[in-house]
Amino acid sequence: MPDVVEIYLCKAGQKLEDGRLIVSNEISDKEAAKADAENRCKISPSLARIAYYAISANGDFKPYYSYSNPNVQNDVHKAKPQLETKKRKQKKKPVKKGFWAKLKKSLGI
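Residues numbered from 1 in each chain as written. Predicted model: local features only at pLDDT ≥ 70, side-chain atom pairs only at ≥ 80, totals over all residues. Heavy atoms only, no water.

## Remarks on a nonpolar patch on the surface
- On the surface, Phe99, Trp100, Leu103, Leu107 and Ile109 cluster together into a nonpolar patch covering about 640 Å² of accessible area.
- Along the chain, Leu107 falls in helix H3 (residues 99–107). (Patch = residues over 30% accessible without salt bridge, like charges linked within 9 Å, V, L, I, M, F, W, Y side chains within 5 Å. Areas by Shrake-Rupley, 256 points an atom, 1.4 Å probe, with all protein chains shown as cover. Salt bridge = Lys/Arg side-chain N within 4 Å of Asp/Glu carboxyl O. Helix = DSSP H or I, 4+ residues; strand = E, 2+ residues; numbered from the N terminus.)

Next comes the structure, spelled out in structure tokens:
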């Protein structure tokens, strides 16, 4: 039985180190970790992965349990990539002809 369990909560496409960290003293075995992971995924369906790490009193740090959510629902508002805007070519404004250009055109030169 670990003294403390660190829980990393990751969304889709997020690295484990970038996930939210929660510390718990209530998880005593792997079955409790599995039940906790399933409950957390029901509460927050956008969680893609939950990892549990056991930390003992002497500082040992080892993987305890890992759960991947099979029914991940991506949060559309936050995970939606922004569309790149295409640069439109600006239409060239017609060049106003000066007096001499107009005169040459009327004379056919």
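## As for the sheet that holds strand E3 (residues 47–55)
- Taking strand neighbours across the sheet as the criterion, the four strands line up as E2-E1-E3-E4 in an open arrangement whose pairing is antiparallel. Of all strands in the sheet, those with a lone pairing partner are strand E2 (20–24) and strand E4 (61–68), marking the two edges. Across the sheet, the axes of successive neighbouring strands diverge by a mean angle of 20°, strand direction being ignored.
- Where strand E1 (residues 4–11) and E3 come together, eight bridges link them in antiparallel fashion. (Pairing = 2+ DSSP bridges. Axes fitted to C-alpha atoms, helices over the stretch in contact; angles between N-to-C directions.)

## Remarks on H3
- Counting buried positions along H3 gives zero out of nine residues, so the element sits mostly on the surface.
- Looking at the residues trailing H3, positive phi occurs at Gly108, about 85°. (Buried < 20%, exposed > 50% of the residue type's maximum accessible area, 1.4 Å probe, protein only.)

## Remarks on the pattern of salt bridges
- Throughout the structure, instances matching the rule amount to one salt bridge.
- Asp36 is paired through a salt bridge with Arg40; the nearest N and O atoms lie 2.8 Å apart. Remark: Arg40 and Asp36 occur in helix H1 (residues 30–43); sequence separation between them is four residues, near one turn of the helix.

## With respect to the pairing of E3
- Of all nine residues in E3, eight are buried, a share of seventy percent or more.
- When E3 meets E4, the two strands line up antiparallel, connected through seven bridges. Note that in E4 the partner of Arg49 across the bridge is Ser68.
- The hairpin turn running from E3 into E4, its antiparallel successor, is five residues long, and Gly59 in that turn takes a positive phi close to 95°.

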